[in-house]
There are 4 protein chains.
Amino acid sequence: MANTSKIRAAVLGASGYTGADLVRLAARHPAIAITALVAKGHAGQSLAQVFPHLGSLDLPALVTSDEVDWSAVDVVFGGLPHGTAHSEIAKLPDSVKVIDMSADFRLRDAASYAEWYGGEHGAPHLLKGAVYGLTEHYRDAIKGARLVACPGCYPTGVLLALLPLAKAKLITTDDLIIDAKSGVSGAGRTLKQNILFSEAGEGLSPYGIGSHRHLPEIEQELGLAAGSAVTVNFTPHLAPMSRGELCTCYVRLAGQATAPGLRNALVTAYADNPFVHVVAEGVIPATQHVRGSNFCHIGVFADRLQGRAIVVSAIDNLVKGSAGQALQNFNVMHGLDETLGLEQLPLFP
Amino acid sequence: MANTSKIRAAVLGASGYTGADLVRLAARHPAIAITALVAKGHAGQSLAQVFPHLGSLDLPALVTSDEVDWSAVDVVFGGLPHGTAHSEIAKLPDSVKVIDMSADFRLRDAASYAEWYGGEHGAPHLLKGAVYGLTEHYRDAIKGARLVACPGCYPTGVLLALLPLAKAKLITTDDLIIDAKSGVSGAGRTLKQNILFSEAGEGLSPYGIGSHRHLPEIEQELGLAAGSAVTVNFTPHLAPMSRGELCTCYVRLAGQATAPGLRNALVTAYADNPFVHVVAEGVIPATQHVRGSNFCHIGVFADRLQGRAIVVSAIDNLVKGSAGQALQNFNVMHGLDETLGLEQLPLFP
Amino acid sequence: MANTSKIRAAVLGASGYTGADLVRLAARHPAIAITALVAKGHAGQSLAQVFPHLGSLDLPALVTSDEVDWSAVDVVFGGLPHGTAHSEIAKLPDSVKVIDMSADFRLRDAASYAEWYGGEHGAPHLLKGAVYGLTEHYRDAIKGARLVACPGCYPTGVLLALLPLAKAKLITTDDLIIDAKSGVSGAGRTLKQNILFSEAGEGLSPYGIGSHRHLPEIEQELGLAAGSAVTVNFTPHLAPMSRGELCTCYVRLAGQATAPGLRNALVTAYADNPFVHVVAEGVIPATQHVRGSNFCHIGVFADRLQGRAIVVSAIDNLVKGSAGQALQNFNVMHGLDETLGLEQLPLFP
Amino acid sequence: MANTSKIRAAVLGASGYTGADLVRLAARHPAIAITALVAKGHAGQSLAQVFPHLGSLDLPALVTSDEVDWSAVDVVFGGLPHGTAHSEIAKLPDSVKVIDMSADFRLRDAASYAEWYGGEHGAPHLLKGAVYGLTEHYRDAIKGARLVACPGCYPTGVLLALLPLAKAKLITTDDLIIDAKSGVSGAGRTLKQNILFSEAGEGLSPYGIGSHRHLPEIEQELGLAAGSAVTVNFTPHLAPMSRGELCTCYVRLAGQATAPGLRNALVTAYADNPFVHVVAEGVIPATQHVRGSNFCHIGVFADRLQGRAIVVSAIDNLVKGSAGQALQNFNVMHGLDETLGLEQLPLFP
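Residues numbered from 1 in each chain as written. Chains lettered and ligands numbered in written order. Predicted model: local features only at pLDDT ≥ 70, side-chain atom pairs only at ≥ 80, totals over all residues. Heavy atoms only, no water.

## Focus: the overall build of chain A
Let me state the cut-off plainly: Counting from the N terminus, the helices are DSSP H or I runs at least four residues long and the strands are E runs at least two residues long. Relative accessibility under 20% of the residue-type maximum defines a buried residue, over 50% an exposed one, and the middle range a partly exposed one, all with a 1.4 Å probe and only protein chains included. Any two residues having at least one pair of non-hydrogen atoms within 4.5 Å are treated as being in contact. Areas reported as accessible are Shrake-Rupley estimates using a 1.4 Å probe. Residue values count occlusion only from the protein chains shown. When charges are counted, neither His nor the chain ends are considered; positive counts come from Lys and Arg and negative counts from Asp and Glu. A charged residue contributes its charge at one atom only: NZ of Lys, CZ of Arg, CG of Asp or CD of Glu.
For chain A, the count of helices and strands is 11 helices and 14 strands. With the C-alpha coordinates aligned to their principal axes, the bounding extent of chain A is approximately 60 × 45 × 40 Å. Buried positions account for 66% of the 349 residues belonging to chain A. Nonlocal contacts in chain A, meaning residues at least 24 apart in sequence, comprise 71% of its contacts between residues at least 6 apart. Taken as a whole, chain A presents about 11,000 Å² of accessible surface, with 51% of it coming from carbon and sulfur. Distance between charge centres in chain A, computed from 26 positive and 31 negative side chains, equals 2 Å.

Listed below in structure tokens is the structure:
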């Protein structure tokens, strides 16, 4: 496929981990031509200077947003931090489709955004048309969307595990306990003391207990599935690895539901979904088994506590939890095979 | 203190991690003289050959149990695997005190042992006199004990966090969810595929869901505190670090109890206990902050779910979770200052 | 491409890391159909049971060598341990091409093999026709070969860095010092104490000083380039990471050679080679920048010592150092584009 | 020993890793009372806020240098970054002894300092009296010193391995190749991208090739031992671990020297030195075997290259490479047993 027939893509925030992983995958996607890389703080540099692992690619230099000829761009992948994405995206011409990986368009309610993200939303008029980009659950809406807001990494892991169960009313939604563990790359490339190697290495701790910004997103989507407001316990932990996210969800069974019943429901829900895999009975999801891939592994386990079960999901936070899911949405939006450009198998060990 | 006035100690299972960490600490304990090191499979070797990091010590060579003159031993530290400890310990003369770090004398009921450990108990007559060695909670009994069964690493972290709350009836005991994370050293030095560097590195997963052998121990002690049988959800995870154990306990508040109330109860319970530290409000326990030390850090956090709270504890699985606690019990048994030989501060980074 | 028109491949030793990484890549190779997976100790199991990260693939079950219909196999990828590969490969019909990743056919001299690998070679008649599979240097011979012996991971990193310099007589070959560092996966999946997470983690040490089995291979190839026997200092180190290999080569300049001259020679030598990349001046090769890819990054640096220079190469030991190079050779042997199936970019972070 | 009879110590730079490790050890030293902790950027905070692992200590709050009553301080441990230490130390009254862990007083020549550290030396008058604090080699001078400049971590590892050999003229000093590997804590706690967990984890690369600031220090001391200027190849690498430093030194044998001869010379040189241990033949130094301790392990190995040998040393960069050696010097300066407060055994695993 020659470049001229490809879909022309720009990446906003190409100097972050999310942007880089998007480039890593998009550069090998047969239908995409990367025509602009925006990274304000690195304008003028090559991507290879910022990310030596991408040095083999023949890509345009990093530029500021103003330097881009947006009329020559078909789709934008947004990898900017929350709080800066909304205003940048608001400036884009309507002709450009947007697949945003920031948090700025995930919450359907601008007031909720202001509460959790500490500032007015810069483009509330775009919120209404934004589609929540959890591909497996919003595929039809994504197809016709102009702006897709890809879920956060934690919501991806949690919602893939729990949404079908909440929708089918197999679990109650008033006593959900989600103990999540993430690799350090989830915190991004911005310098912070707690993500130094010597601080995070050989150690493990919770963080953002009851206050993590992925919380309202999880509650919003579970609430929509349940048909009423949902509050959850969501307790993320920082684990000493670069990639990977594990969500251990402690759920209360509704009615006569059982752990095997939950498993069956998930198997059915994801039967035709190439990336979500309910693991065989006896197998336990592990982040190292999905590393670098767009897969989500889910397992259901009986609980010793009566009326409870445990649902565990594992994803790569930068792929299925961000850049991979963005590309998956790109495929859906353009009527392409959903797995195009996402065929890479997990890298283990 | 000359050797002659010291308490003569033998270590069973000196070739395992638990045994080695006991030697590391005991060798610097001012009241202990290590007079025998038993490691059947390595008899004839020096400890330095098995553990080069202990090469600077002037210690007796490794021997078999039969080679030891038990009349010249005052106390035995047991570092054998469960299932082999009971019969070895049964052979020891009554004059020898025993501080066992295996699982063999933790369960007060031989039937329960047989069920969880897959075989008859080899020394049921010793069970009755065995004292559960959770120092902070059984100090008085430990003082007069001949045989102390040190808790498993997980039970140590869990029970230090929950026992005072269960005793004070600040939490209910029928809906306890314990999500635990351990470093790989908790699995010992015996060769197993899942603990290879390339398997466990850069990855995280649960294991032994609902079936981990530390479960009955947790339930036994919580049941004693609650005054009735207790069943818990205990879900351990393997994390890519060598040392460290974090227990995130999701508890249901009883009556009018609150998270700050739980915190106060723990502060009070551990006021005179040098190793258990309820962290300041706003601080979050982290395994890297107790690494290599006998400390246990505990924090209490409000839950977004009504009527719930989160109690988090962090320990070093090999120290407070095993060898350190064994030495702490040694101090208690011998009327010594509880911190003797355990003053080492955490090694961070 | 339908399966019928694909080249039918069998993998020997599919239960090891090398075999698994070969499957990972070959399963996505457009010209390959994997028709047999041999793993004696796991016969009857699925590959997913042995390697859950490959669970999404639809592959034949693991079998013994005897169960394979070799007439329906076009090419064999050998991932067996050294010492077992030669006899298994000797049994294969002549119609089957062999790309071996073991050490058994790398040494051109059976006596040398016996000396370094501690046993008679089981198929000396095959040695003569075996081609050393360092693609960039033996491309023409590989094209027509029936049996290709892919280099060891260390020789790959070392020889890519030094062969062009030795051939061009820009360096002397009597004072080569090679300080190499490898991730733990290089030691394979067989259980050994030193590769446990708790042993190898957070630590670094040399091993096999002066006695590593990759030594004769390095000396053989450098000797051929130099036109006379070569002895080198090769000192490998085990580093606490799963993948990655860095070779820091301290070389003595011949004649009027300079560090920039060495760099130019390497740039020229690898001009048309898609996987070997001489990094820009000022950039330093790092294993994390080639992780998961078939790339080799090489840098040349001035030495403070007169008449010396430093040549550094970085590869992924399992890809360019094994399975990736095997596929690259497959492409060469079959007249395919050398990058086919190897387009994956490095996984960073 | 009551506080009043203890030696009163202040720590400059208590918010860095070096300062923290000094506090960790000094707080348990029987002859030291920590009476002031200086950390300009954190003045007013407790040390526990900056380093939670030290939260169990009862220590004075962090203050600025101006807030300290220097007349009540006997000795200062300097943990400031190079470039700021010299002026702070110049301000101290003569009555205060100084044990500096920065680089500012290591180079005996102010011009060399200016060249390597990029600025004029702020206290050249103090340089003459400063003693290079490599305890094992400058013990007598340290005894009477007012200002001791503790060596850098790399120089410590390198010089302990090579100084006795250079002095005894068993090795030549014009062809020394030192391939060093360090854990990430050696880079300090200051935020830099390359020491983020996601950047440094699972990767290895050289850095500062031919330009590392520990170079002139190594050359200065080897030059003094050799009796003439020495230039070396010193190539440090960043390894994915927090602590530990391994120096693999490739040396050329002088005259009739042999590898066993080198080993004997080292055994003799360090016979009465409690912390430097020449490992048994067949044993290989490893950083994990000295972690957290003040030990240095050294091994000598034959080289396949004629006339060469390999000398390997392993230390903990923050202990023997910094804070531990500082305390060792403190002991020497005060006529105390050299091991006082440094008895901690390595923490393995």
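## A short note on the confidence of the model for chain A
Convention followed: The pLDDT value tells you how sure the predictor is about a given residue, anywhere from 0 up to 100.
Here chain A averages 97 in pLDDT, while 99% of its residues score no lower than 70. The ipTM for the predicted assembly is 0.97, set against a pTM of 0.97.

## Here we look at the relation of the copies chain A and chain B
Cut-off, in case you're wondering: Overlaid copies result from least-squares superposition on C-alpha atoms, with residues included only where pLDDT is at least 70 in both.
Of the transformation superimposing chain A on chain B, the axial component is 0.0 Å and the angular component is 180°, with the fit at an RMSD of 0.0 Å. Viewed as a symmetry operation, the transformation between the two copies matches a two-fold axis. Distance from the rotation axis, computed per C-alpha, reaches its smallest value in chain A at Pro240(A): 3.1 Å. Interface residue correspondence from chain A to chain B reaches 100%, placing this contact among same-surface, isologous pairings.

## Considerations on the interface of chain A and chain B
Interface size is often expressed as the accessible area that is lost when the parts come together. To keep it simple, the criterion reads: Buried area is a sum: the accessible area each of two parts loses on coming together, probed at 1.4 Å, counted once for each and added. What makes a salt bridge here is a side-chain nitrogen of Lys or Arg within 4 Å of a carboxyl oxygen of Asp or Glu, nothing more.
Contact residues are listed per partner, giving 52 residues for chain A and 52 residues for chain B. Counting each side, the surface lost to burial between chain A and chain B is near 3,900 Å², with a carbon and sulfur contribution of 58%. It is Glu202(A), Leu204(A) and Arg304(A) that lose the most area in chain A upon contact with chain B, and together they represent 20% of the buried surface on that side. Across the contact surface, chain A and chain B share 8 salt bridges. For Arg304(A), the salt bridge goes to Glu219(B), with nearest N and O atoms at 2.6 Å.

## Some points on the nonpolar core
Selection rule: For the purposes of this section, nonpolar cores are sets of buried Ala, Val, Leu, Ile, Met, Phe, Trp, Tyr and Cys residues that join through side-chain atoms within 4.5 Å.
Grouped together as the largest cluster of nonpolar side chains are 389 residues, with contacts concentrated most on Leu162(A), Leu162(B) and Leu162(D). Apart from the residues within four sequence positions on either side, Leu162(A) is in contact with Ile171(A), Leu176(A), Ile178(A), Leu222(A), Cys249(A), Val251(A) and Val311(A). Core analysis: the next-biggest nonpolar cluster, separate from the first, contains 48 residues, Trp116(C), Cys153(C), Leu215(C) and Val251(C) among them.

## Topic: the sheet that holds strand β10 (residues 233-238) of chain C
Sheets are built from strands that pair by backbone hydrogen bonding, the pairs being arranged parallel or antiparallel. Residues and elements named next belong to chain C. Put simply, the rule is: For two strands to be treated as a pair, DSSP must find at least two bridges joining them. Working convention: axes come from line fits to C-alpha atoms, limited for helices to the stretch in contact. Angles between N-to-C directions cover 0 to 180 degrees.
Ordered by their spatial adjacency, 7 strands build an open sheet running β9-β10-β8-β11-β14-β13-β12, and the pairing between neighbours is mixed. Looking along the sheet, the strands with just one partner apiece sit at the ends: β9 (205-206) and β12 (276-278). Alignment of strand β11 (residues 245-252) against strand β14 (residues 308-315), held across 8 bridges, turns out to be antiparallel. Bridge pairing in β14 places Leu246 opposite Ala314. Running at roughly 160° to strand β13 (residues 296-302), helix α10 (residues 259-269) makes contact with β11, β12, β13 and β14 of the sheet.

## Details of the relation of the copies chain D and chain B
If you rotate chain D by 180° and push it 0.0 Å along the axis, it lands on chain B with an RMSD of 0.0 Å. Most of the interface of chain D is mirrored in chain B, where 100% of its interface residues again form contacts.

## Description of the pattern of salt bridges
Counting across every chain of the model gives 72 salt bridges over all chains. Close ionic contact of Asp179(D) with Lys181(C) constitutes a salt bridge, the shortest N to O distance being 3.0 Å. In this pair, Asp179(D) is assigned in strand β8 (residues 177-182) and Lys181(C) in strand β8 (residues 177-182), connecting two distinct chains. Taken as a pair, Asp179(D) and Lys181(C) share a single burial class, namely buried. Through salt bridges with shared partners, a single ionic network connects Asp175(A), Arg252(A), Arg308(A), Asp175(B), Arg252(B) and Arg308(B).

## So, the interface of chain D and chain B
Note the cut-off: The term polar contact refers here to a pair of N or O atoms within 3.5 Å; inside protein, the definition further demands a hydrogen-donor-capable atom paired with an acceptor-capable atom, and it admits residues adjacent in sequence only when both atoms are side-chain atoms. Polar here means any residue outside two lists: the nonpolar Ala, Val, Leu, Ile, Met, Phe, Trp, Tyr, Cys and Pro, and the charged Asp, Glu, Lys and Arg; Gly therefore counts as polar.
With 30 residues of chain D in contact, the opposing surface of chain B contributes 30 residues. Interface area for chain D against chain B, summed over the two sides, is near 2,600 Å², with a carbon-plus-sulfur share of 69%. Counting every contact that joins chain D to chain B gives 0 salt bridges. Counting across the chain D and chain B interface gives 4 residue pairs in polar contact (both at pLDDT 80 or more). Looking at the side of chain D that touches chain B element by element, the count peaks at 3 residues for helix α1 (residues 17-26) of chain D. Its residues assigned to classes, the side of chain D that touches chain B comprises 14 nonpolar, 8 polar and 8 charged.

## Considerations on the domain arrangement of chain A
Residue and element names in this part refer to chain A. Basically, it comes down to this: Domain delimitation in this document rests on an assignment produced automatically or drawn from a domain database.
Partitioning chain A into domains gives domain 1 (7-129) and domain 2 (154-316). Domain 1 puts 13 residues into the contact, and the matching count from domain 2 is 16 residues. Surface buried jointly by domain 1 and domain 2 totals about 1,300 Å² across both partners, of which 49% is contributed by carbon and sulfur atoms. Applying the counting rule to domain 1 against domain 2 returns 3 salt bridges. With a shortest N-O distance of 3.0 Å, Arg108 and Glu221 are connected by a salt bridge. Summed over the shared surface of domain 1 and domain 2, the number is 9 residue pairs in polar contact (both at pLDDT 80 or more). Among the residues making up the side of domain 1 that touches domain 2, the classes are represented as 6 nonpolar, 3 polar and 4 charged.

## Some thoughts on the pairing of strand β14 (residues 308-315) of chain B
Residue and element names in this part refer to chain B. Burial analysis of β14 places 8 of its 8 residues in the buried class, the great majority of the element. Alternating residues of β14 divide into Arg308, Ile310, Val312 and Ala314 and Ala309, Val311, Ser313 and Ile315, and every residue in both groups is buried. Pairing of strand β13 (residues 296-302) with β14 involves 6 bridges; the strand directions are antiparallel. When the bridges of β14 are listed, Ile298 appears paired with Ser313. Counting the residues in the hairpin turn of β13 and β14 gives 5 residues, including Gly307, whose phi is positive at 75°.

## Describing the sheet that holds strand β4 (residues 75-78) of chain C
All names here are of chain C. Overall, parallel pairing links the 7 strands, which are arranged β3-β2-β1-β4-β5-β7-β6 in an open sheet. A strand with exactly one partner marks an edge of an open sheet, and here the two such strands are β3 (62-63) and β6 (131-132). The pairing of strand β1 (residues 7-12) with strand β2 (residues 32-38) spans 6 bridges and is parallel. Its bridge partner being in β2, Ala10 is matched across the sheet by Ala36. Helix α1 (residues 17-26) contacts β1, β2 and β4 of the sheet and is inclined by roughly 155° relative to β2.

## Side note on α1(D)
For α1(D), a buried count of 10 out of 10 residues is recorded, marking the element as mostly surrounded by other parts of the structure. Where α1(D) is concerned, the buried positions are Tyr17(D), Thr18(D), Gly19(D), Ala20(D), Asp21(D), Leu22(D), Val23(D), Arg24(D), Leu25(D) and Ala26(D). Next to the buried residues of α1(D) lie α8 (197-200) of chain A together with β1 (7-12), β2 (32-38), α2 (47-50), β4 (75-78) and α11 (319-333) of chain D.

## Some points on the packing of α1(D) against α11(D)
All names here are of chain D. Note the following rule: For this classification, under 35 degrees means roughly parallel, over 145 means roughly antiparallel, 65 to 115 means roughly perpendicular, and everything else is oblique. Left-handed describes a crossing whose near helix is turned anticlockwise from the far helix by less than a right angle; the clockwise case is right-handed.
At a closest axis distance of 9 Å, the pairing of α1 and α11 adopts a crossing angle of 45°. It follows that α1 is oblique to α11 by the angle criterion. Where α1 crosses over α11, the handedness of that crossing is right-handed. Mapping the contact onto sequence places Thr18, Asp21, Leu22, Arg24, Leu25 and Ala26 in α1 and Val319, Ser322, Ala323, Gly324, Ala326 and Leu327 in α11.

## Digging into the pairing of β2(D)
Our working rule: Clockwise travel from the first strand over the helix to the second, with the strands pointing away from the viewer, marks a crossover as right-handed.
Of all 7 residues in β2(D), 6 are buried, a share of seventy percent or more. Note that the unit made of β1(D), α1(D) and β2(D) has a crossover that is right-handed.

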